[in-house]
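Reading the structure
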Amino acid sequence: MIFGACYYPEQWNPKDWDEDLKIMKEMGLSSVRLAEFAWGLMEPKEGKFDFSLFDAVLKKVQDHGMTAILGTPTATFPPWLYKKFPEIVQVSKEGIIRGIGTRRQACFSSPAYQKATERIVTAMAKHFGNHPAVVGWQIDNEPGHEGSDVDYSPLALKNFRTWLKTKYKNLDSLNKRWGNIFWGVIYSDWNEIPLPAAHVASNFNPAMIQDYYRFQSDELVSYIHFQAEILRKYSKGKPLTTNLYPSPFLPVTDMAELFSKLDYVSWDNYPVWGNQQEPYPHPLVTATQQYSRGLKNKPYTVMEQFSGVQGHDTLGYLPPPGQIGLWLTQAIVNGANQIYFFRYRTARFGQEQLCYGILDHGKRKTHKYFELKKTIEDINEFASDIADSPYKAEVAILHDIENSRNYKHQPLSDALKFSPVPFAQVGYDIELATWFAGTNVLNVNAHSLPISAENDWSKYKVLTLPLYTMFDPSIVEKLKTYVANGGTLVLGYRAGIKDKDHWMVEEPVPGVFGEMTGVEVFQFEAPATDKVGIRMGILPLKGSKFCEILEPTTAKVVARYNDSKKFYSGKAAITVNSFGKGKVYYVGTSLTPESFILLYRKILKGAGVPFGFLGATIERHYREGKQFNYEITMNHSNRYKLAGLSILKPFGYKLKRIPK
Amino acid sequence: MIFGACYYPEQWNPKDWDEDLKIMKEMGLSSVRLAEFAWGLMEPKEGKFDFSLFDAVLKKVQDHGMTAILGTPTATFPPWLYKKFPEIVQVSKEGIIRGIGTRRQACFSSPAYQKATERIVTAMAKHFGNHPAVVGWQIDNEPGHEGSDVDYSPLALKNFRTWLKTKYKNLDSLNKRWGNIFWGVIYSDWNEIPLPAAHVASNFNPAMIQDYYRFQSDELVSYIHFQAEILRKYSKGKPLTTNLYPSPFLPVTDMAELFSKLDYVSWDNYPVWGNQQEPYPHPLVTATQQYSRGLKNKPYTVMEQFSGVQGHDTLGYLPPPGQIGLWLTQAIVNGANQIYFFRYRTARFGQEQLCYGILDHGKRKTHKYFELKKTIEDINEFASDIADSPYKAEVAILHDIENSRNYKHQPLSDALKFSPVPFAQVGYDIELATWFAGTNVLNVNAHSLPISAENDWSKYKVLTLPLYTMFDPSIVEKLKTYVANGGTLVLGYRAGIKDKDHWMVEEPVPGVFGEMTGVEVFQFEAPATDKVGIRMGILPLKGSKFCEILEPTTAKVVARYNDSKKFYSGKAAITVNSFGKGKVYYVGTSLTPESFILLYRKILKGAGVPFGFLGATIERHYREGKQFNYEITMNHSNRYKLAGLSILKPFGYKLKRIPK
Amino acid sequence: MIFGACYYPEQWNPKDWDEDLKIMKEMGLSSVRLAEFAWGLMEPKEGKFDFSLFDAVLKKVQDHGMTAILGTPTATFPPWLYKKFPEIVQVSKEGIIRGIGTRRQACFSSPAYQKATERIVTAMAKHFGNHPAVVGWQIDNEPGHEGSDVDYSPLALKNFRTWLKTKYKNLDSLNKRWGNIFWGVIYSDWNEIPLPAAHVASNFNPAMIQDYYRFQSDELVSYIHFQAEILRKYSKGKPLTTNLYPSPFLPVTDMAELFSKLDYVSWDNYPVWGNQQEPYPHPLVTATQQYSRGLKNKPYTVMEQFSGVQGHDTLGYLPPPGQIGLWLTQAIVNGANQIYFFRYRTARFGQEQLCYGILDHGKRKTHKYFELKKTIEDINEFASDIADSPYKAEVAILHDIENSRNYKHQPLSDALKFSPVPFAQVGYDIELATWFAGTNVLNVNAHSLPISAENDWSKYKVLTLPLYTMFDPSIVEKLKTYVANGGTLVLGYRAGIKDKDHWMVEEPVPGVFGEMTGVEVFQFEAPATDKVGIRMGILPLKGSKFCEILEPTTAKVVARYNDSKKFYSGKAAITVNSFGKGKVYYVGTSLTPESFILLYRKILKGAGVPFGFLGATIERHYREGKQFNYEITMNHSNRYKLAGLSILKPFGYKLKRIPK
């Protein structure tokens, strides 16, 4: 288990460096992340390198017996590069040029940028690649963040046309598979194909938009992999990662593919940011931890862990005493084996002078310093015992980048839209997290897995799969096998009706899942955020967002609509069907969190998965370590809470050792 | 009476065509609309035509004893045309280029587009113009829809300057009539005149904006008329129309002028669309039906009639059983003699894969199919008896495109703004529909007529004229004659104070109507959506949006403000004045719908027009047929309702035959 | 005391001019403002001048024994100038070109515009500069209004780079002081520096934005001063001003510097505008009157005084009888010695045909005419007695343009943002006005002074200084001296922690005020608009927007947080510290207006300043005249109100003469 901090020695007086590292060590930190925004410092003129500052810092890091992860500094580039190659930058959907002065400008499709990247990364890799204090690399920084996952520049268009040529070979095929006969947009020349950028009223062909997202993902992924190749060559044996910007903001890039050629997953964990008045609910934080863990299904890193209030130009919520420590504990419990705090000391200048770190703008030790130091001391033994062990689970939620993309541009219901910032529409991610929360609140260890990854599903008793509208036939087969062999599948509404070319199937909803689910759907509506009454036995549930009227063929009804305002009151809303040795639940609506808990109790019970509700703010996980097994119970409330027989302090946790 | 469907054979397997037509016939349909988005198919390369697909389809249509309306396909054009003439597209007010990939891109002012239009329309007209199955043409598709009624392209600016030269002859005249002395914007060269496009803070001269809307209307209308000339030449005797996008979204184009050279009006009737959680109230649907009927004051067509839930990327309300049938009945009752359902089968691909038709994505017959089939069977005899008869009415509402334009850019009160989509501000239309609703809810047959059209008003007992701020002196004279001869005129606030050059008159409100109304107004406010109390005898009314303090000269007070929050409590709000043999009501505020009903009861009673309120969801019309007269009572609620002595089923109707 | 009107003879028939001036005189007006939008009239072609219209008008003005202020007409320019120099216009942050047709287009950085300005202003100054009826000049019109205070044009960028060169001398200095090491934006060429214009996600460096605002202010100020030089040369002895657009919309331009080379301050007073449903609260109007008065700390002018409802395309509130008269009285009481009504008669055409004047569109005298005439007659003797006397006060609020700029781009809390229109973010101004209101409601004469101006603070018993985050060391010293000598300073949260280069200090909040305040702050949150409970003795207060947890070192606690939802309940929220002979209150949160009154009672009492609360709608001022002293009590309510022993009519006032 490694604790560290994001450290920016270039922003401080060199005579402070020694003291900084000393203070970190005393706190229990043994590693720093360095250099990920320092291109301008390391290559002040084209081809002229100056690594002296980080040489000096790494010497000191080594002297203190600490280690460093180096970031390649490609998330911003020096102004001279833009002056020479003005075409190097992205263009937003609305046509705003991503000029210099902010960050994440670079166009992944730009040859000039690729060449400049090759130069700086090669130089860094050669210079630092075998330094004994360097224990790995973070490639770029939050690639795709702040809308940079979709670029509408002329160079992107050029590459998109090439990408399409590779995929479709000829225009007849593209015209047919996109369905360009619709509105008569039949292309007779590859260069007629436009960008699906800002438009006035009607939208672009959905198959085209889906392809554009796939293409953009490919551009970003191949850019990161291109850096990985360089690093592997000159910095042999040093593990590689990149850091995901806070999930769930990620509907375009295929993160599973991104990490397929990297060694481990890392992500940036800010349970509260900017002007938020409340932090994310704890199940959402765990959902994103598990999303990160699940990408490679093994221990992962939090590369930026919240240590103080954060904001670019406005602030919000202040965590009460104990909460930042508990968020650290929560990360460890979920399977992180490296955690770097963001950041050691707060910048006195620049765009993030309101992003507070462990220390404030001065050097005085803060309450945050002492709280995190104490947490590290308390948790360290447990953390070290479990750090390299798998996070075991009997249930999993499956997510799919293709459907995340699909729901970004075709959200189906106003309530499946969610745009926390103008450049993001992450309704799919929020819906997935909500379904995940159902098991989390019942204190069941749960995995979150990319549906396309090579995982063995047979070890799971229950798989949950919401919003699986666009289907992959091989996945459908794998699910059939899973259920036929005794698994329980919980399938969400609008499943199985769209192929990868974005064509709707001829069969009624749930399309290719008709036999497995034993239901047919001919009528549906999208009541947005209105709640629709449902009854499961004597239990009242609520649905919203989308309501399908289920007509069972072979399925049994689990719950029925029960709402005097709705003509379909009395019709089936949730069903269950036997298929082989297993069962398929079909949930024809988006349940409220409370309702989902009630349903999930029934499902888990049937599948033989132990669970228990301990209160809305209590989270319990089970972990196996090298020496002991553990039951960890956390209280995410600022009040004393009873959890089973234990009383937990505000933001406290209880660790129960279970002999192996 | 003709029932048909919008049919896209190009989107389906040719081997399905026969079955498709057979299913339509069985349902009671005898006609299809074809080809309005198929330019790319029919002219795959410039000047190279391929009509084989529609030849084959029309053969089958004929074989089944059915007919077809053909659409000219100019609402989208082939990508090769844009590649050759990139200047061919519109530019939005905000500067977004309407590139290809969506629809309605073409700039009506572009010579290249006009030439390409001439080529395809001539070729189609020559090829299909005398086909026995072809019974008419729809020119273009929803011209002006989705903001394409106002174009800010360089070619539009060029034509605008020419248009101004034609209108004003010299710049002195333009400068004087626009009032360019204001803020000193005095033009000394025609080429100095800019587009009234996006701006930062203050607006452009209102007279200029009004002229820009007039110019844009002229461009659109002459484009459609240009197509009409070609069709008349090569397809003699086949009636021409174009289809209006759903009213009331039409503040720029002069629709009366548009149809002046066409044979009949058609429009697209979607009582609910996209993410709406409720359909439009039934009086609004009838208001738009009557708006369409009134443009030529004769039977009309619904070219696209709702047959399933619709949306581009999100959905909403699902009509309960019976409602789509009732919407069909409502269209017939209002005077439609041709109705085409949109659409036969739901597209499996493309931007409208969520626009559900009579059939879903598959070929299975749906509940919608059976409901519409049954409705057609039930209504057919009645429909055929009245189809070609006039819709008789003793009251009418008058609307005016000049004031619709005026209120689009100068809405006067925040509550007279309504932008259901960013490119539309249709507060005028909504206000008119609200005043119309007053008579509709009282179950009085009512016409909705363009004020400029050559209609004989002497047959109406009551004319309603809201928001007639910009006046035409000849209309004022016609109104005077109407009232002097015994008519009752209901005039709305802010009447008669602005000439066609957008100059305010020197007289107090209601300006040129001072003598007719017998009131003067010196003080007014715009309370937006706040409600202001009024009392008419013992009846409490409510006004909002705009409140004028009426000072009667010769008028009698009908109602007074009665609101302790307002200093003008006690002052007149509504007056009536005798003028010749008739009466002029002046309504100094926008009444709430309930209040308007109370006022209208008084007005109708005085004018000797029979009426009767049967409940908020009941709509009754009176029609005269060839064989019988009819009283038709519809229940727009999903509950059983008592209407007079009849109990109506949810979404049911009752047809009472009255011997002639 | 001078009363006048804004008059646009160019918009009216010359034969009306005599009657117009006669009507004004009868009303009590003796002056007109002329010509500020008439460039196109006076220079119809480049270099060809025609002053005949205003010659004729000034002749008549003189004949009637009246005077005129002339406006230089540079707020709009003739279209021919734009045709010749298309680069002459501003560009908005979002990239919208400020083309002609509206107003305030001109780019202050454009040499062509400066040259054209020199030509017209010189010609006007030579022609009219010594006319006996001309009593002064208004330079331009509302410079900076409607977002024209920040220009993102290419010419602005060019001048910005030059401005930076002048300020920083070399790029090393700029890179260091901006902190460009952050995100690695290190410039190696002046021409690499971009505009801080529209961007996609992250913002520009705050030091850069702050400099951009300073630069823009310099451009605007030097443009106005450039005109002043010309006028001083050719129109010797005639006083100069410019008119501020309605405060508090002014976060970029340094208005104190703007007026440093002009003779008196004038501003445009619209207590209600456009679609507002309520006028501004009376303390906000007084706050802006005092802001205007305080810029030069002497009598000032209201150049446009509300005389009728105003709007560009929508209207709102109608002032009840008496209110426009009371707003006139309020201006006089606050120290205005010249008041021009906007406008004499309402324009019949153009963008402001809904901006109603004293007369409406016709020539008939209105109720507004008679109300203002009566008010002038009643108030004139008092007004003349006090017009040239100082407005005396023992308390003052200090505002600072640097912090206004800072909070525009870094507002810290969502509740410190306020954007009444898209181009303005004036949260600072609103917060300042709110703190000012605390003293106004207690009926204490109060000044509002630019902190940088050369005022003697020793005469004030209490100084209030909110949001003084960015500090000037010399001001800190001046404040220390002020308090040390016995003054009472009320310092707001987040004080003293940022230097002029936008660097945060190393010390905890309140930074450089640590010793004076005797507190330290390590924790804070921004609860936005949520209210947080506080207790001062037995009095319950409420804070919001920002809450600091105060840790007293030498200070005494005045109030503590008292809110069960907050972990910092019980911690200090407001403190007081003795420093020298004086006291420093530190207020760690933004109090609600009611709470601030309670606190201010305590502070004023301690400082020996008399005060008294007479009700929320009552405002009382004390003025010294040449013959008498006065206590003036105004009732801003539309009800009768008791104020002390007097009963005041709705919108009435009471003038109490006190022998000197």
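Residues numbered from 1 in each chain as written. Chains lettered and ligands numbered in written order. Predicted model: local features only at pLDDT ≥ 70, side-chain atom pairs only at ≥ 80, totals over all residues. Heavy atoms only, no water.

Identification of chain A as Beta-galactosidase from Leptospira harrisiae is taken from an unreviewed UniProt entry. Quoted verbatim from the Sequence similarities (unreviewed entry) field of the UniProt record, the comment on chain A reads "Belongs to the glycosyl hydrolase 42 family." Taken from UniProt, the Catalytic activity (unreviewed entry) comment for chain A reads in full: "Hydrolysis of terminal non-reducing beta-D-galactose residues in beta-D-galactosides." (UniProt positions renumbered as here; feature names shortened; annotations may be inferred.)

A short note on helix 11 (residues 323-334) of chain B
All names here are of chain B. Over its 12 residues, helix 11 runs 16 Å from end to end, which matches the ideal 16 Å to within 8%, given 1.5 Å per residue. Taken together, the buried positions of helix 11 are occupied by Gln323, Ile324, Gly325, Leu326, Trp327, Leu328, Thr329, Gln330, Ala331, Ile332, Val333 and Asn334. Looking at the residues trailing helix 11, positive phi occurs at Gly335, about 120 degrees. (Helix = DSSP H or I, 4+ residues; strand = E, 2+ residues; numbered from the N terminus. Expected span 1.5 Å × (residues − 1). Buried < 20%, exposed > 50% of the residue type's maximum accessible area, 1.4 Å probe, protein only.)

Focus on the UniProt feature "active site" (unreviewed entry) in chain A
Residue and element names in this part refer to chain A. Look at the UniProt record and you will see "active site" (unreviewed entry) annotated at Glu142 and Glu304. Over a stretch of 163 residues, the named residues converge on one spot in the fold, their C-alpha atoms separated by at most 10.6 Å. Topologically, Glu142 is positioned in the loop between strand 4 (134-138) and helix 6 (154-168). A relative accessible area of 5% places Glu142 in the buried class.

Side note on the domain arrangement of chain A
Residue and element names in this part refer to chain A. Along its sequence, chain A is carved into domain 1 (2-144 + 215-386) and domain 2 (395-607). Measuring from the centre of the C-alpha atoms in domain 1 to the corresponding centre in domain 2 gives 36 Å. Domain 1 puts 20 residues into the contact, and the matching count from domain 2 is 22 residues. Between the two partners, domain 1 and domain 2, sit zero salt bridges. Applying the counting rule to domain 1 against domain 2 returns four residue pairs in polar contact (both at pLDDT 80 or more). The residue makeup of the side of domain 1 that touches domain 2, split by class, is 11 nonpolar, seven polar and two charged. (Domains from an automatic or database assignment. Contact = heavy atoms within 4.5 Å. Salt bridge = Lys/Arg side-chain N within 4 Å of Asp/Glu carboxyl O. Polar contact = N/O pair within 3.5 Å; in protein donor to acceptor, adjacent residues only side chain to side chain. Nonpolar A, V, L, I, M, F, W, Y, C, P; charged D, E, K, R; others polar.)

Notes on the interface of chain B and chain A
Taken together, the contact between chain B and chain A spans 51 residues of the former and 52 residues of the latter. With both sides pooled, the region where chain B packs onto chain A buries about 4,500 Å², and carbon together with sulfur makes up 60% of that total. The shortest N-O distance in the salt bridge between Arg345(B) and Glu506(A) comes to 3.4 Å. Applying the counting rule to chain B against chain A returns 23 residue pairs in polar contact (both at pLDDT 80 or more). Sorting the residues of the side of chain B that touches chain A by element identifies helix 2 (39-42), helix 4 (79-84) and strand 9 (314-315) of chain B as the ones contributing at least two each. Take the side of chain B that touches chain A: its biggest share by element is three residues, from helix 4 of chain B. A class-by-class count of the residues in the side of chain B that touches chain A yields 20 nonpolar, 18 polar and 13 charged. In the sheet, strand 12 (residues 412-413) of chain A pairs with strand 9 of chain B via two bridges, with the strands oriented parallel. Bridge pairing links Leu412(A) to Thr314(B) in strand 9 of chain B. (Buried area = accessible area lost by both parts, 1.4 Å probe. Pairing = 2+ DSSP bridges.)

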